[in-house]
Each structure stands twice: as structure tokens, then as C-alpha cells.
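# Examining the three-dimensional arrangement
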Amino acid sequence: MLIIPVSDSIQRRFPWATVLLIFLNICIFVYFQQGEQQKYIQAVSWARSSGLLDIEVQVYQEYLQHHHEKFLDIPHDNGKSTAVFERLLQDDRFQSALRQQILIPPADPRFADWAAKRKIFEEKLAQSLAYRLGYSPARRNYLGIIGYMLFHDQLIPLIGNMLFLWFVGSWLEIGIGRILFLGTYLVTGACSALTLGFIQPMHQGPLLGASGAIAGLMGTYLLLYCDKRNKALCSLGFCSRQTSIFGWFLFPFWVSKEVYFVANFPKAQTVTVHIAAVFAGLIIGLLVRIYQKKEHKKTAEAGKIASSSTSLLPEQQNLHILNNLSEKETATLRKKIQETLKNNPDNLTELVRLFYLEKEQPKSEQFHKTAGKLLRHLAATGSQQELYTYFQEYKQF
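Residues numbered from 1 in each chain as written. Predicted model: local features only at pLDDT ≥ 70, side-chain atom pairs only at ≥ 80, totals over all residues. Heavy atoms only, no water.

## Remarks on the nonpolar core
With 41 residues, the main nonpolar core has L165, L172, F181, Y185, M218 and Y221 as its most contacted residues. Of all the secondary-structure elements, those providing two or more residues to this core are α1 (16–32), α9 (155–176), α10 (178–199), α11 (211–225), α12 (250–264) and α13 (271–307). Take this core: its biggest share by element is 10 residues, from α9. Setting aside chain neighbours within four positions, we find Y185 in contact with L21, N25, M149, L165, A210, A213 and L217. Membership of the second largest hydrophobic core comes to 23 residues, among which are Y63, L64, F85 and L98. (Core = buried A, V, L, I, M, F, W, Y, C linked by side-chain atoms within 4.5 Å. Buried < 20%, exposed > 50% of the residue type's maximum accessible area, 1.4 Å probe, protein only. Helix = DSSP H or I, 4+ residues; strand = E, 2+ residues; numbered from the N terminus. Contact = heavy atoms within 4.5 Å.)

## Considering the pattern of salt bridges
Per the counting criterion, the structure on display carries 9 salt bridges. Between R110 and D108 there is a salt bridge; the shortest N-O distance is 3.0 Å. Residue class for D108 comes out buried when judged on its relative accessible area of 16%. The closest approach of N and O atoms between E350 and R353, which form a salt bridge, is 3.3 Å. Here E350 pairs with R353, and both are found in helix α16 (residues 348–358), just 3 residues apart, close to one helical turn. Three or more residues joined by partner-sharing salt bridges are found here, namely E56, R99, R118 and E122. (Salt bridge = Lys/Arg side-chain N within 4 Å of Asp/Glu carboxyl O.)

## Notes on helix α5 (residues 92–99)
In terms of residue burial, α5 counts as a mostly covered element, since 6 of its 8 residues are buried. Regarding α5, the residues found buried are D92, F94, Q95, S96, A97 and L98. Just downstream of α5 lies Q101, where phi reads positive at about 60 degrees.

## A closer look at unusual backbone geometry
Of note, Q101 is a non-glycine position whose phi angle comes to about 60 degrees, a positive value. Its location among the elements puts Q101 in the loop between α5 and α6 (111–125). Judged by relative accessible area, Q101 falls into the partly exposed class, the value being 34%. Even without being glycine, R140 reaches a positive phi, approximately 55 degrees. Secondary-structure assignment places R140 in the loop between α7 (129–133) and α8 (144–147). A residue is classified by how much of its surface remains accessible, and R140, at 60% relative accessible area, is exposed.

Right, here's the structure in full:
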């Protein structure tokens, strides 16, 4: 089933920014990350053939023995040696001590050989785009604070993240606007990465995936729309129907996705990081709500002024005439107004007359079409007071 969020605002918006983010994530995964695993395998193969693997596995064995941890004796098994080498690459404390030249100090006879080979090995790892642009607190690649949101190391996390980005992102972009939506996405995603750097400063990474940013969007979404109903178009291809969905409906599915990722993908971002992103999203949502309340108050005050002004409602003086027309007279007047609007679609006076004429049948499709034309015309011309007045009147039906 295809579910498409529908705008309920006067100025209809299509979530182009959300579509762009989804498009970028998918394209990067398909066209730029397909050879990533092969580059990593080649780097590890070079480490094994150059002797770097033997040096670091030996140092790792000494490191574990010093910390009273078990280490399997595998001097003659290349496959197991490679597995241990991959394990030591993910051992944050060991890698941190190695980078600080604590485990192989300059005075160590192995240092010169190790340092040269390690430099080449890291250059080979850096051929991977995800390695360079994914966030690693230990390597302090600050470009990764933003870049990591566009990369995914596996297909299933990509699919899950893009589904929730479509639902949550679309409704947020429609509701709060494109610029604020993108700002929320980037700020909460950055907060997620910085939280990881704070709680795990030696984390090797790279941190990948849009789930941190999506967690932040979920926080903002819950604060703004948890108690509201959002419109959506549900389509099976051969039939479609517009319906409304409670804002909280997505939350249990999102929590289930997070639990599944944590249980099945060891490299998934930690729960703490996502909680931090949700809180950042809640703070942004709170600020947006405060701003919206202030703007609503200003608009309401402007509406009161507008409703007290007869000049803003030119047809109010003749409403009793429109209400008492016969069916034949109504049809004749409607035809004349429609002819005038056909020649001059921007004739506000005639649009207003037609609005009040069609209002006598508020359940008719023609009334809603006329109201839509009038409201869009007022929104395009910047007539905020008139827009508020007619929108409030239209809302009654």
C-alpha cells in the first residue's frame, strides 16, 4: 500500500526536501557504497600480506594479557588471525592506545616498521567514502557530524529509515515548512553524533545512518502532532481513499524498528544516542509551538480588526439579497459571475460573490472549489487579514 501525506494548509506544499533526502540516501547507497566492503577487504588483505596484521595481533595479545582478558592462541591460522585483526580494529580502547603510541612507543624496535605500514593501511581504509564521511569521535573527522546521515552500511536499515523519513518527514515539512524541517533534520542529527562523541570519545566508528536524525524528527513530530489527526491518501493502485491518521500512530512502529535494529545490527547507533536526538527534537518542537501560538494570537487580533471592517467584506451588505434569491435567479447570477471570472480569473469581487452564493449549499463540491480558489488568491496576493476572515468562515463548514 502506498501512503501519501496530504497537505491540510491553505498554501499546498509538496514535501520536496523529504523526497530529496530519500533520493540522496538511496543513490549514495546504490552508486557509491557498492564497492565499500571490497575496499575494506582489500585493506585487510594488504595488512596481512605486509606483516602489519602480525604486528598488531601480537600487540593486541600483549594488551589483553595485561588487562587479564582471554586471547585465543592462533599463530598459524590466517583466517582466525584476520578475524582477530578485525576485532582489534573495533576495540575502541585498544585503538585509542595504539594511536597515542602507548602500546608501540617510538623506543620500541617495531615502531618504525609499524608506523609506516599503519599509515598506508589507513590510507587504504580512507578510500572508502563511508570511512571518510562517517563520524568517528576517535579520529575527530568533524565533517562526519553531518555526512554520516547520508550513508548506510546495510540495506535493511536503509529501507527502515527511509520509510519513517517519508512518513514523519513529509508531515513535518508540510506542517512547519521546508527550511525549518531541514534545520530540524540537520540539528537533531548533529546532536545525535555529538552525543556519541561525548559518551564514547574513543569510538572508532564510523557512525553511519539517518536513524539519529529521524529520531530527532520523531521528537518534533510527537510534540506538534501527537494529539492531532493527519490526512493521508492510501492507495492500492487500483483504488485509493483519503483518510486521517492519529499523530501517535507512528510512534509504536518506530519504537519496534529501533528495538529490531539494536537486536539484529551490532553496528546500529546506540539507544542513548537516539534518546538524545529525540530530546533535541522535542526542544525544537516546543520552540515551534511557542512561535506558532504567538503567530496565531497576532493573526487572531488581525482577524478581529478585519471582521469589524466592512471594507474588507464588500459583499456583507448584500448578503440578505443573495440569501433570498430564487433558484432560477441564483442559477442566472452564478452563470454571469462564472463568465466574468472566465475572462478575469483574478476578479476578487466576483470570487467573493460566488463564495457567498455557493455557501448556500456548503456540502457541494462546487462550494469547496470556489472557497479554495478564493483562499489561494488571497494567499498569493498577501492579503492576510482577508485570508484569515474568509478561512475562518470556510472552516465552519
